[in-house]
Amino acid sequence: MKLPQVDYEAPQTVAEAVGLLAEHQDEASVLAGGQSLIPLLALRLARPAVLIDINGIDELSGVSAADGWMAIGAMTREYVAEESEAIAGAVPLLAAALPLIGHEAIRSRGTIGGSLAHADPAAELPAVARALDAEFVVCGPSGERIVPAAQWFEGYLTTSRRPDELLVEVRFPITKPGTGISFQEVARRHGDFAIVGLAASLTLSEGAISDARLAFAGLSDVPVRAGEAEILLVGQRPSAELFDEAARRATSDIDPPADLHGSADYRRKVAAALVRRALRAAADSAGERE
Ligand SMILES: Cc1cc2nc3c(=O)[nH]c(=O)nc-3n(C[C@H](O)[C@H](O)[C@H](O)COP(=O)(O)OP(=O)(O)OC[C@H]3O[C@@H](n4cnc5c(N)ncnc54)[C@H](O)[C@@H]3O)c2cc1C
C-alpha cells in the first residue's frame, strides 16, 4: 500500500527537531523506527502533513547509568537494548520484556522511545515502565521536563507529551539487590501483541517481601498497576496461598476489554494465572539474589 503525500524533514539535532515540532505542532509526526507509524500512514489511520525523521540525531541513542538510574536514549533500537549487558544487569525486567516484542526484524528498527511514545496498551515496554516507575524526559521549546510513568500514559495510544515536545530519554531505576523479576504474557503466536501481559518485580529482605510491583498490559487503554495486590504482598513471606490471594485481588475489580482474541472473562482468568506464575518466578529469582 502506498504512503500518502507528506512533507519530510530530517533534523540532525534535538534543537532542530524541537524547532520543527514547534512550527508544525499537531500537523507533524515524529518518525523513529517506523514500525508502528508507517503502517498507520499506509492504512490512512494517521494523516500528518509533515514527517520529522529523527533517525539522524545521534545524541538520541545510547545507554548510560548514573545516580541509581539507567538512562536510555529514545532512538536506542530495541535490539540494541536487548543485547546490552548493562541493561541486563541493571534493569533485568526490561531485559526480560524486550525479546517478546514482535520479531527480530521489528526490533532491529523499532526504538525504545517509539514504543513508549506510541503507548500501545498491549505492548510490553509500557507495562515495564509503569511497573518500575520509569521517568520520561521530554524536550520542548522551553527546555526539558521529566514526566513520571504514572502521568505519561493518558489513554489508548495517547501520552502526556505535548505536540511541540520530543521524547529524548527514558530512565529506569536500577534494580535493588534481592529483587526477582518476571515478564509473563499470553499471545496467540510468538511475536504477536499480548492478549494479556504482566510485568512483575519482587524484592526480598530477610525472607519477607519488601517491595512488590505488578503492571498489566492488555487489560485497559493504559498499562495498569495492581495496587491492592502489591499492598497485600509487602511484609509477607512468599507462599502459594499468598500468591493465590494476590491474583484474586489483582483481578477482582478489573474490567478488561473483549475482542476477537478473547472475552473479558477469558482475559480476567489469564490475568490471574499470570499473577500466580509471575510471582512464583520472581520470588524464586529474588531468593537466589538475596
Ligand atoms: C508486525 C509487528 C509486530 C509487532 N509486535 C509488537 C509486540 O509484540 N510488542 C510491542 O510492544 N510492539 C510490537 N510492534 C511495534 C514495535 O515495537 C514498534 O517498534 C514500536 O511500537 C514503535 O517504535 P518505532 O521506533 O518503530 O516508532 P514509530 O513507528 O516510528 O513511531 C511510533 C509513534 O511514536 C511517535 N514517536 C516515536 N519516537 C518519538 C519520540 N522520540 N518523541 C515523540 N514521539 C515519538 C511517532 O510519532 C509515532 O506516533 C510490532 C510491530 C509490527 C510491525
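Residues numbered from 1 in each chain as written. Predicted model: local features only at pLDDT ≥ 70, side-chain atom pairs only at ≥ 80, totals over all residues. Heavy atoms only, no water.

A. Summary view of the overall build of the protein. Across its full length, the protein carries 12 helices and 14 strands. Taking 2.2 N^0.38 as the reference for a compact globule, 290 residues should give roughly 19 Å; the C-alpha atoms of the protein span a radius of gyration of 19 Å, in line with that estimate. Projected onto its principal axes, the C-alpha coordinates of the protein cover approximately 60 × 45 × 30 Å. Taken over 290 residues, the protein has a buried fraction of 52%. Within the protein, contacts between residues at least 6 apart in sequence are counted, and of these 62% link residues at least 24 apart. Between the mean site of the 26 positive side-chain charges and the mean site of the 41 negative ones, the protein shows a separation of 6 Å. (Helix = DSSP H or I, 4+ residues; strand = E, 2+ residues; numbered from the N terminus. Rg over C-alpha atoms; globule rule 2.2 N^0.38 Å. Buried < 20%, exposed > 50% of the residue type's maximum accessible area, 1.4 Å probe, protein only. Contact = heavy atoms within 4.5 Å. Lys, Arg positive; Asp, Glu negative; His and termini not counted. Charge placed at Lys NZ, Arg CZ, Asp CG, Glu CD.)

B. Highlighting the site of the ligand. Around the ligand sit 29 residues in total, of which V30, G34, Q35, L37 and T111 are the nearest. In the environment of the ligand, an oxygen atom lies 3.1 Å from a nitrogen or oxygen atom belonging to the backbone of G102. E124 is positioned with one of its side-chain polar atoms (N or O) 2.8 Å from a nitrogen atom of the ligand. Computed on the free molecule, the ligand has an accessible area of 960 Å², of which 88% lies beneath the protein chains in the complex. When contributions to the shell around the ligand are tallied by element, the ones reaching two or more residues are β2 (28-31), α7 (112-118) and β10 (166-173). Broken down by element, the residue count for the shell around the ligand peaks at four residues, all from α7. Each residue belonging to the shell around the ligand can be placed in one class, and the counts come to 14 nonpolar, 11 polar and four charged. (Near = heavy atom within 4 Å. Polar contact = N/O pair within 3.5 Å; in protein donor to acceptor, adjacent residues only side chain to side chain. Areas by Shrake-Rupley, 256 points an atom, 1.4 Å probe, with all protein chains shown as cover. Nonpolar A, V, L, I, M, F, W, Y, C, P; charged D, E, K, R; others polar.)

C. How the structure looks around the sheet that holds strand β5 (residues 69-73). What the five strands build is an open sheet, ordered β4-β5-β10-β6-β7; its pairing is antiparallel. Only two strands of the sheet have a single partner each, and these edge strands are β4 (63-66) and β7 (143-148). Here the strands of the sheet are splayed against their neighbours by 25° on average, with no regard to which way each runs. Pairing of strand β6 (residues 135-140) with β7, which is carried by six bridges, proceeds in the antiparallel orientation. Considered in β7, the bridge of G140 is made with G143. Its contacts with the sheet put helix α1 (residues 14-24) on β6 and β10, and the angle it makes with β10 is roughly 120°. (Pairing = 2+ DSSP bridges. Axes fitted to C-alpha atoms, helices over the stretch in contact; angles between N-to-C directions.)

D. Just the pattern of salt bridges, in detail. Counting across every chain of the model gives 14 salt bridges. Linked through salt bridges whose partners overlap, the residues forming this network are D133, D211, R213, R225 and E230. (Salt bridge = Lys/Arg side-chain N within 4 Å of Asp/Glu carboxyl O.)

E. Focus on the nonpolar core. In terms of nonpolar packing, the biggest core is built from 38 residues, with L94, L116, V128, F136 and F172 touching the most fellow members. Among the elements that take part in this core, helix α8 (residues 124-132) stands out by supplying six residues, more than any other. A226, F243, L274 and V275 belong to the second-largest nonpolar core, a separate cluster that totals 31 residues. (Core = buried A, V, L, I, M, F, W, Y, C linked by side-chain atoms within 4.5 Å.)

F. Spotlight on α1. Within α1, burial applies to V14, A17, V18, L20 and L21. Relative to the axis of α1, the buried residues are bounded by an arc of 160° and lie together on one face. Opposite the buried face of α1, by more than 90 degrees, sit the exposed residues A15 and E23. Among the residues trailing α1, Q25 stands out with phi positive, at a value near 45°. (Arc of directions from axis to C-beta.)

G. Representation of the packing of aromatic side chains within the structure. All chains considered together, the criterion is met by two aromatic pairs. Here the aromatic rings of F136 and W152 are separated by 4.4 Å at their centres, their planes lie at 5°, and the arrangement is stacked. Here the residue F136 occupies a position in strand β6, and W152 occupies one in helix α9 (residues 149-152), the gap between them amounting to 16 residues. Taken individually, F136 and W152 each receive the classification buried, so the pair is uniform in this respect. Measuring from ring centre to ring centre gives 5.9 Å for F136 and F153, while their planes differ by 90°; the resulting arrangement is edge-to-face. On the criterion of sequence distance, the pair formed by F136 in strand β6 and F153 in strand β8 (residues 153-155) is long-range, its members being 17 residues apart. (Phe/Tyr/Trp six-rings, centres within 6.5 Å; stacked < 30°, edge-to-face > 60°.)

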